[in-house]
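# Residue-level structure breakdown
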Number of protein chains: 4
Amino acid sequence: MSKNGEITEVLTRGPGRPRSEEARRAILETTLELLQKTGFNDLSIESVAAQAEVGKATVYRWWPNKAALVMEAFVLAVESELKYASTGSAEAVIRDQMRRWTKVFRTPLGKVISAVIGAGQSEPEMLEAFRHYYVQPRRVEARKLLREAMLNGEIRSDIDPDTILDLLYGPLYLRLLLHHAELTPELADLVFDIVMPGLKPR
Amino acid sequence: MSKNGEITEVLTRGPGRPRSEEARRAILETTLELLQKTGFNDLSIESVAAQAEVGKATVYRWWPNKAALVMEAFVLAVESELKYASTGSAEAVIRDQMRRWTKVFRTPLGKVISAVIGAGQSEPEMLEAFRHYYVQPRRVEARKLLREAMLNGEIRSDIDPDTILDLLYGPLYLRLLLHHAELTPELADLVFDIVMPGLKPR
Amino acid sequence: MSKNGEITEVLTRGPGRPRSEEARRAILETTLELLQKTGFNDLSIESVAAQAEVGKATVYRWWPNKAALVMEAFVLAVESELKYASTGSAEAVIRDQMRRWTKVFRTPLGKVISAVIGAGQSEPEMLEAFRHYYVQPRRVEARKLLREAMLNGEIRSDIDPDTILDLLYGPLYLRLLLHHAELTPELADLVFDIVMPGLKPR
Amino acid sequence: MSKNGEITEVLTRGPGRPRSEEARRAILETTLELLQKTGFNDLSIESVAAQAEVGKATVYRWWPNKAALVMEAFVLAVESELKYASTGSAEAVIRDQMRRWTKVFRTPLGKVISAVIGAGQSEPEMLEAFRHYYVQPRRVEARKLLREAMLNGEIRSDIDPDTILDLLYGPLYLRLLLHHAELTPELADLVFDIVMPGLKPR
DNA sequence: CAATAATCGAGACGGTACGTCACGTCTTCTT
DNA sequence: AAGAAGACGTGACGTACCGTCTCGATTATTG
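The sections below set out a description of the structure shown in this document. All values reported here derive from a predicted model rather than from experimental measurement.

## Description of the interface of chain A and chain B
Taken together, the contact pairs 37 residues of chain A with 36 residues of chain B. Between chain A and chain B the total buried area reaches about 3,200 Å² when both faces are included, carbon and sulfur atoms providing 66% of it. The interface formed by chain A and chain B contains two salt bridges. Note that Arg175 of chain B is salt-bridged to Asp166 of chain A, the shortest N-O span being 3.0 Å. The interface formed by chain A and chain B contains 10 residue pairs in polar contact (both at pLDDT 80 or more). Sorting the residues of the side of chain A that touches chain B by element identifies helix H7 (108–120), helix H8 (124–152), helix H9 (161–178) and helix H10 (185–199) of chain A as the ones contributing at least two each. Sort the elements by how many residues they give to the side of chain A that touches chain B and H9 of chain A lands first, with 11 residues. Grouping the amino acids of the side of chain A that touches chain B by side-chain chemistry returns 20 nonpolar, 10 polar and seven charged.

If you want it as structure tokens, here you go:
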């Protein structure tokens, strides 16, 4: 993310004016706003700096390029969304996760996520960051539950849990990215109900 | 695509020097080449014109912007790939289609397709073109087979055939776009085998 | 001027469609019109062709460049103005010529003439044409009269007649080109009256 | 000239990187050089920027168009030439000025001046600048001397001093612009000698 | 409490690509 | 053959951002 991790910044700080937290926030918020409004391609650092009322060099001092900036803005937008807790059986939790996703995808954040994936097709580190900061953290719990269900004999154990998650989320992502059909909680249920039988042990 | 459809161009042509087919081909081929090499973002019309040894104005005369140009180049690249024929049962044909896809996605064309979808997140008409020129033509046969299978009672008839195709192809697209795992014919088989049971009539 | 002199064109003509006199006239008239309206720099052959409803190639077929075209338009505009006749003594005739000039300079033709001289600062052949088609023909009579007056002892004979004409017309041209003061027949008289004493034999 | 007058620029300067004096000089010098080499029409801002090793935007930041740029270059070239001093009677001083002019007109600066007047036929503000920055400053002294000579009864007082200067310099400008005869100090003397008798009180 | 140092905003800098316009040439059909 | 129509490669136009730089001003730590 930013050049200095938070810990070192607090404990040992050299002389000189400290980084303006206000500027940082303004830049990231403006980035998110413009990202939703104009998309990744038309988002210029020039316009971020102008709208955030910040010097252009201040942006470049902390983020090496547009991708890094957008990435951090994206992470900021997405991290607050992680605080949830589902309870119940493995199947109930995953089904609940999937439903929640379809709802998140329909907020402005959905536009940000598809913009990030889109930009990632040109910028590999963008994609890497998306997987690292978004996909993986969200799969942790589901993966654990799937493994437990495999041990319990509730689902087939000859398939990689991540592949199962690809099967469940792939159709949702497809609609997010291709816009050829609506993305609804009902679709999440349908996908889940169709895929599950195939996961039962024979 | 181009301003004049081919038919009217042949039958009734006004005065004036006709469009140079050579220039058109050079531009589209160069576009494809650069698209694979540098991606959508770094592809500049300036460089296309230079490498195709064509005036920049000639590009702008026929394509209003980069998206339109890339779109037509994409269609050109993709249309020759449509000529195939699978035979057998509905399930056999669809399984075969899916396997073939995973192979196409690994050629340079795969890079073009993901670039198009990526760019489409910023440019709606790009996405529209992708759906219209790529997705739909390829789904025609599968959709027909699925409908027949529904009538025969081989698969559930309470699901939209396109949604079924989303279920089958979504996981493949996910790997194409997120690059988090490999895209293999075996994956196609696995997806097919897991999804199919859920489609059987209860 | 045009590639083929008029005589050969009439006497020996090859096969093929003859040159369109209508197009020629339309081009030259449009040129004059645009020359007065927009000046030499902003006059484009593209716009001449468009406004004259003529193919661009037709312009280039007969005139090698903008300068040549403007030159011929200028000559056309100016040649009708040559038909006059002054009578009387040398001094009376020259004074009359000078007065007439100041009047011509104030018509739209004056704008054309100053545009031609202006353009001539960049294009030598333009200047050459101006001198050949405008200045020289108009000086013929005055020069003859001056020489006679020298022989008669009315004016000094130790000065080149053309230098005398420079003395008389220089101040007028200066006002035409610098626009720092008005160009009036009275000025012509004043210049004449001041210069003449210095031309009397001592 | 430039957007900020020099005085305010020194006294009160806003924030931001200050204008590069080096770039300014390089641009103006390159402009002068190209103006003499290629004339006004063929001088492109693109080539000025390239040869001055300066971004094109830097030129456009400070000069709105080619005319403004050439004008300031012209003023720069001409202002150093003003520092001279003639002494003696009114007639001696003016004669001396005229001779000096014919010499200046034959240096590369002469080419610049005729280019400026030529361009001025299309661009009024160019002409305005020429009169304001070149003609007027140079006429100040001569005008003063002429007025004194009128009061002393040495020359007619019924003629506007500027008209007298038109009479003296008109013939010189005519040769500068029409190139039909050489521009020599002897011509300056001849013009002076012929015009003066007509200026004596009757 | 000064000196030092890193930050801030502002904005100019050398560049690159944009999309447009006119150049002068060409290739077609029509007259 | 010459006409109009109009596409061609070329190159300059004026604009927008890029990422870097240099200012004066501000805000912290250090001697």
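## Considerations on helix H10 (residues 185–195) of chain C
Structurally, the α-helix is built with 3.6 residues per turn, so residues lying three or four positions apart point the same way. For H10 of chain C, the buried fraction is high: eight of the 11 residues fall into the buried class. Those residues of H10 of chain C that fall on the buried side of the exposure criterion are Pro185, Leu187, Ala188, Asp189, Val191, Phe192, Ile194 and Val195 of chain C. On its buried face, H10 of chain C sits against helix H6 (90–104) and helix H9 (161–178) of chain C together with helix H9 (161–178) and helix H10 (185–199) of chain D.

## What about the side chain of Arg175 of chain D?
Positionally, Arg175 of chain D belongs in helix H9. Of the polar contacts made by the side chain of Arg175 of chain D, one reaches the backbone oxygen of Glu182 of chain D; its length is 2.8 Å.

## Some thoughts on the protein's contact with DNA strand E
Neighbouring DNA strand E are 42 residues, the closest being Thr58 of chain A, Glu46 and Tyr60 of chain B, Tyr60 of chain C together with Thr58 of chain D. Counting only atoms of DNA strand E within 4 Å of the protein, the sugar-phosphate share comes to 65%. Gly55 of chain A is positioned such that a nitrogen or oxygen atom in its backbone is 3.0 Å from a phosphate oxygen of DNA strand E. Between DNA strand E and Glu46 of chain B, the relevant distance is 2.6 Å, taken from a phosphate oxygen to a main-chain nitrogen or oxygen of the residue. In terms of residues, the surface near DNA strand E owes the most to one element, helix H4 (residues 56–62) of chain D, which gives four residues. Grouping the amino acids of the surface near DNA strand E by side-chain chemistry returns 16 nonpolar, 11 polar and 15 charged.

## Some thoughts on the arrangement of the chains
Left apart from each other, chain B and chain C have a closest C-alpha approach of 10 Å. The least C-alpha distance between chain A and chain D, which are not in contact, is 10 Å.

## A closer look at the packing of aromatic side chains
The description of an aromatic ring pair uses the distance of the two centres, along with the angle that the planes make with each other. Under the counting rule described, the total for this entry stands at 32 aromatic pairs over all chains. When the centroid spacing of 5.7 Å and the interplanar angle of 40° are considered together, the rings of Phe74 of chain A and Phe130 of chain A count as tilted. Taken together, the residues span a long stretch of sequence, with Phe74 of chain A in helix H5 (residues 66–79) and Phe130 of chain A in helix H8 at a distance of 56 residues. We note that Phe74 of chain A, like Phe130 of chain A, is buried. Both rings, one in Phe74 of chain D and one in Tyr134 of chain D, keep their centres 6.0 Å apart while their planes meet at 45°; by these two values the pair is tilted. Here Tyr134 of chain D lies in helix H8 (residues 124–151) and Phe74 of chain D lies in helix H5 (residues 66–79), a separation of 60 residues in the sequence. Tyr134 of chain D gets classed as buried once you look at its relative accessible area, which sits at 0%. Three or more aromatic residues joined by ring pairs form one cluster here, namely Phe74, Trp101, Phe105, Phe130, Tyr134, Tyr169 and Tyr173 of chain A. Between the NZ or CZ atom of Arg19 of chain D and the centre of the ring of Trp62 of chain D, over which it lies, the distance is 4.1 Å.

## Let's talk about the relation of the copies chain A and chain B
Mapping chain A onto chain B is achieved by rotating through 179° and translating by 0.0 Å along the same axis, at an RMSD of 0.2 Å. In the structure described here, the two chain copies are related by an operation that fits a two-fold rotation axis. Interface residue correspondence from chain A to chain B reaches 97%, placing this contact among same-surface, isologous pairings.

## Some remarks on the pattern of salt bridges
Scanning the model with the defined rule gives 68 salt bridges over all chains in all. If you follow the salt bridges from partner to partner, you end up with Arg139, Arg143, Asp162 and Asp166 of chain A together with Arg175 of chain B in one network.

## So, the environment of Thr30 of chain B
All names here are of chain B. With respect to the secondary-structure elements, Thr30 resides in helix H2 (residues 21–38). Thr30 sits 17 residues away from Ser47 along the chain, and the two C-alpha atoms are 9.1 Å apart. When near neighbours in sequence (up to four residues on either side) are disregarded, Thr30 contacts Val48, Gln51 and Ala52. Side-chain polar atoms of Thr30 contact the backbone oxygen of Ala26, separated by 2.7 Å.

## Here we look at the interface of chain C and chain D
Counting from both sides, the interface comprises 36 residues of chain C and, opposite them, 36 residues of chain D. Summed over both sides, the interface of chain C with chain D buries roughly 3,100 Å², with 66% coming from carbon and sulfur. If you sort the residues of chain C by the area they bury against chain D, Gln121, Leu178 and Ile194 of chain C come out on top, with a joint share of 21%. In this assembly, chain C and chain D are joined by two salt bridges.

## Focus: the protein's contact with DNA strand F
Around DNA strand F, the surrounding shell holds 45 residues, and the nearest of these are Tyr60 of chain A, Gly16 and Thr58 of chain B, Thr58 of chain C together with Tyr60 of chain D. Close to the protein, within 4 Å, the atoms of DNA strand F are drawn from sugar and phosphate at a rate of 67%. At 2.8 Å from a base oxygen of DNA strand F is found a side-chain nitrogen or oxygen belonging to Lys56 of chain A. Here a phosphate oxygen of DNA strand F and a backbone polar atom of Gly55 of chain C are 3.0 Å apart. Elements represented by at least two residues in the surface near DNA strand F include exactly helix H3 (45–51) and helix H4 (56–62) of chain A, helix H4 (56–62) of chain B, helix H4 (56–62) of chain C together with helix H3 (45–51) and H4 of chain D. The leading source of residues in the surface near DNA strand F is H4 of chain B, at five residues. Split into classes, the residues belonging to the surface near DNA strand F amount to 16 nonpolar, 13 polar and 16 charged.

## Some words on H8 of chain A
Val140 of chain A marks where H8 of chain A bends most, by close to 40°. Just downstream of H8 of chain A, Gly153 of chain A is the residue with a positive phi angle, here 80°.

## Quick look at the relation of the copies chain C and chain D
Note on the copies: chain C fits chain D at an RMSD of 0.2 Å, the axial shift is 0.0 Å, and the rotation between them is 179°. With an isologous cut-off of 70% or more, the 97% of interface residues of chain C that recur at the interface of chain D puts this contact in the isologous class.

Scoring rules and cut-offs
Residues numbered from 1 in each chain as written. Chains lettered and ligands numbered in written order. Predicted model: local features only at pLDDT ≥ 70, side-chain atom pairs only at ≥ 80, totals over all residues. Heavy atoms only, no water. Contact = heavy atoms within 4.5 Å. Buried area = accessible area lost by both parts, 1.4 Å probe. Salt bridge = Lys/Arg side-chain N within 4 Å of Asp/Glu carboxyl O. Polar contact = N/O pair within 3.5 Å; in protein donor to acceptor, adjacent residues only side chain to side chain. Helix = DSSP H or I, 4+ residues; strand = E, 2+ residues; numbered from the N terminus. Nonpolar A, V, L, I, M, F, W, Y, C, P; charged D, E, K, R; others polar. Buried < 20%, exposed > 50% of the residue type's maximum accessible area, 1.4 Å probe, protein only. Near = heavy atom within 4 Å. Phe/Tyr/Trp six-rings, centres within 6.5 Å; stacked < 30°, edge-to-face > 60°. Lys NZ or Arg CZ within 6 Å of the ring centre and 35° of its normal. Least-squares fit on C-alpha atoms with pLDDT ≥ 70 in both. Bend = angle between axes of the 7 residues up to and from the residue.

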